[in-house]
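Coordinate analysis (summary)
Listed here are the chains, written in short residue letters.
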Amino acid sequence: MMKTKIILILIGIIVSSFTVTQAYDFAVDGIFYNITDKSNKEVGITYSSSKYKGQVDIPSSVTYNGTTYTVTSIGRDAFRDCTELTSVAIPFSIKNIGIYAFNNCI
């Protein structure tokens with residue numbers, strides 16, 4: 001009985017970790033963002049199950065719910081498996097590009 005409870009707890013943890021991986025705080029014009037620094041109003045591009053396609057022009061800032069955020073990063077796996085992506089315009093505001101951000105795009 002105890003082993004069954006442990007297995008169910010482990011399954012719950014694994015499933016919830018997949019959900020968190022694909023989570024985002026908001027989307028504007030088809031680009032998905034996570035707030036990375038609330039006090040400095042910074043966001044990063046994040047992965048979404050809706051694949052990015054064609055040309056993506058990352059803005060240097062984005063406004064959501066009346067707050068303007070500076071786009072400072074491209075997160076881990078953000079464009080992963082976006083095989084229909086043709087180009088990405090990256091603004092000078094980007095300070096960090098996460099590991100595997102463009103993995104398997106070709």
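Here's a quick rundown of the structure. (Residues numbered from 1 in each chain as written. Predicted model: local features only at pLDDT ≥ 70, side-chain atom pairs only at ≥ 80, totals over all residues. Heavy atoms only, no water.)

The next subject is the nonpolar core. If you look at the biggest cluster of nonpolar residues, it comprises 21 residues, and the most contacted ones within it are Tyr33, Ile45, Tyr52, Val62, Val71, Ile74 and Phe79. Those elements that place two or more of their residues in this core are strand S1 (26–28), strand S2 (31–37), strand S3 (42–45) and strand S6 (67–74). Residues contacting Val71, with those up to four places away along its chain left out, are Tyr33, Val43, Ile45, Ile58, Pro59, Ser60, Ser61, Val62, Ser93 and Ile94. (Core = buried A, V, L, I, M, F, W, Y, C linked by side-chain atoms within 4.5 Å. Buried < 20%, exposed > 50% of the residue type's maximum accessible area, 1.4 Å probe, protein only. Helix = DSSP H or I, 4+ residues; strand = E, 2+ residues; numbered from the N terminus. Contact = heavy atoms within 4.5 Å.)

Relative to S6, strand S5 (residues 61–64) is paired through four bridges, and the arrangement is antiparallel. Paired with Val62 across the bridge in S6 is Tyr69. (Pairing = 2+ DSSP bridges.)

What follows deals with unusual backbone geometry. A negative phi angle characterises most non-glycine residues, just as the trans form characterises most peptide bonds. A positive phi is found at Asp29, a non-glycine position, where the angle reads about 55 degrees. With respect to the helices and strands, the residue Asp29 is situated in the loop between S1 and S2. Of note, Asn65 is a non-glycine position whose phi angle comes to about 50 degrees, a positive value. Position of Asn65 relative to the elements: it lies in the loop between S5 and S6.

Time to look at the environment of Tyr47. Relative to the helices and strands, Tyr47 resides in the loop between S3 and strand S4 (54–57). By relative accessible area, which is 7% here, Tyr47 ends up buried. Sequence-wise, Tyr47 and Ala78 are 31 residues apart; in three dimensions their C-alpha atoms are separated by 3.9 Å. Separated by 3.0 Å, the side chains of Tyr47 and Lys51 make a polar contact. Side-chain polar atoms of Tyr47 contact the side chain of Arg80, separated by 3.2 Å. (Polar contact = N/O pair within 3.5 Å; in protein donor to acceptor, adjacent residues only side chain to side chain.)

This brings us to the pattern of salt bridges. Using the criterion set out here, one finds four salt bridges in the structure. Notably, a salt bridge pairs Glu42 with Lys95, separated by 3.4 Å at the nearest N-O pair. Highlighted residues: Glu42 in strand S3 and Lys95 in the loop between strand S7 (85–89) and strand S8 (96–97), separated in sequence by 53 residues. With relative accessibility at 64%, the residue Lys95 sits in the exposed group. Note that Asp81 and Arg80 form a salt bridge whose closest N and O atoms lie 3.4 Å from each other. Overlapping salt bridges bring together Arg76, Asp77, Arg80 and Asp81 as one network. (Salt bridge = Lys/Arg side-chain N within 4 Å of Asp/Glu carboxyl O.)

All right, on to the state of the cysteines then. Applying the stated criterion across every chain, the model contains zero disulfides. Cys82 carries a free sulfur, and the closest cysteine sulfur to it, the one in Cys105, is 5.5 Å from it. The class of Cys105 is buried, set by a relative accessible area of 12%. (Disulfide = S-S within 2.5 Å.)

None of the figures reported here should be taken as evidence of function without further support.
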